[in-house]
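Here is what each chain is made of, one letter per residue.
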Amino acid sequence: MRHALREATTPLMATKVRPDLSQGAPAHGARHVAIIMDGNGRWAKKRLLPRVAGHRAGVEAVRRVTRAARELGLECLTLYAFSSENWKRPASEIADLMSLLRHFIQSDLDELHANGVRLRVIGNYRAMDPSVVALIDGAIARTAGNKGPIVAIALNYGAQDEMARAVQALARRAVAGEIALDDIGVGDIDAALDTGDLPPLDLLIRTSGEQRLSNFLLWQAAYAELYFTDMLWPDFDERALAAALDAFRLRDRRFGGL
Ligand code: FPP
């Protein structure tokens, strides 16, 4: 089934989404794009399918978009796969999502690794099932030395939880006498977040027509451009990503200046 779906995907080389890399950097100018992948359930409902079918189609979109991110010259793609609030969902849906995540890592790691992708996870993923944690840690370690784009998956992620953990880490260092309380600044907080070593966030995309951040990258989005599309996540593809980057290219970013 997966192979059939893969073959049905338009080869990236045949699309017109390739960036102009002749000057070194892609013309759109974005380094780090993050996506709130919303609408899997509605995609399934429209087809009278169970919600898990929407999540399965969502994984196909993850595959398309991670490939496209590389083609489009992004340094980092961050995907909101499971929030710290998603535990409120029915146990069966949580089990389906965990199973899809496991399967994704097991089946796609070879391709990601071969393409030089560095897999990262943000969020309190260590609180998840130990077998998932072991799988994730193995995947992160295997791809850590790669030189290609970073694909960061947000798992058991909530921005408020991330900030609370960062504050705890800084407070611990202050108590240990490693830093002075009065010296703690924006840069220290930035570095203590899960995204500390990722490029600054340029563009935050949310699919499915909802226009909120849902506790995703709240600190990092301070000066990110926001892009909302009515497209449901399972329909998102390389052209949709290229369209978002085209829109980004036309934005006037002033970072509070003139
Ligand atoms: C939101 O749609 C989507 C999620 C909560 C899960 C996103 C997960 C995937 C795309 C698949 C797993 C990811 C990886 C990296 C393997 P929703 O279910 O809330 O949709 P709805 O609002 O239409 O109900």
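The chain has the name Isoprenyl transferase in an unreviewed UniProt entry, where Sphingobium ummariense RL-3 is given as its organism. Looking at the chain in UniProt, the text filed under Function (unreviewed entry) is "Catalyzes the condensation of isopentenyl diphosphate (IPP) with allylic pyrophosphates generating different type of terpenoids." In the Sequence similarities (unreviewed entry) part of its UniProt record, the chain is described as follows: "Belongs to the UPP synthase family."

Draft legend 1. Inspection of the UniProt feature "binding site: Mg(2+)" (unreviewed entry) in the chain at higher detail. Annotation from UniProt places "binding site: Mg(2+)" (unreviewed entry) at Asp-38 and Glu-225. Checked against the lining of the largest pocket, the annotated residues reduce to Asp-38. Turning to its location among the elements, Asp-38 is positioned in the loop between strand 1 (32-36) and helix 2 (40-46). Every residue in contact with Asp-38, bar those within four places of it in the chain, is listed here: Arg-206, Thr-207, Ser-208, Glu-210, Leu-232 and Trp-233.

Draft legend 2. Here's a closer look at the nonpolar core. If you look at the biggest cluster of nonpolar residues, it comprises 48 residues, and the most contacted ones within it are Val-33, Ile-35, Leu-155, Ile-205 and Leu-241. Setting aside residues no more than four positions away along its own chain, Ile-205 makes contact with Val-33, Ala-34, Ile-35, Ile-36, Tyr-227, Phe-236, Leu-241 and Ala-244. Ile-150, Leu-198, Phe-216 and Ala-224 belong to the second-largest nonpolar core, a separate cluster that totals 17 residues.

Analysis parameters
- Residues numbered from 1 in each chain as written.
- Predicted model: local features only at pLDDT ≥ 70, side-chain atom pairs only at ≥ 80, totals over all residues.
- Heavy atoms only, no water.
- UniProt positions renumbered as here; feature names shortened; annotations may be inferred.
- 1 Å grid on protein atoms, 1.4 Å probe; cavity = no way out; pocket = protein on both sides within 12 Å on 5 of 7 lines; lining within 4 Å.
- Helix = DSSP H or I, 4+ residues; strand = E, 2+ residues; numbered from the N terminus.
- Contact = heavy atoms within 4.5 Å.
- Core = buried A, V, L, I, M, F, W, Y, C linked by side-chain atoms within 4.5 Å.
- Buried < 20%, exposed > 50% of the residue type's maximum accessible area, 1.4 Å probe, protein only.

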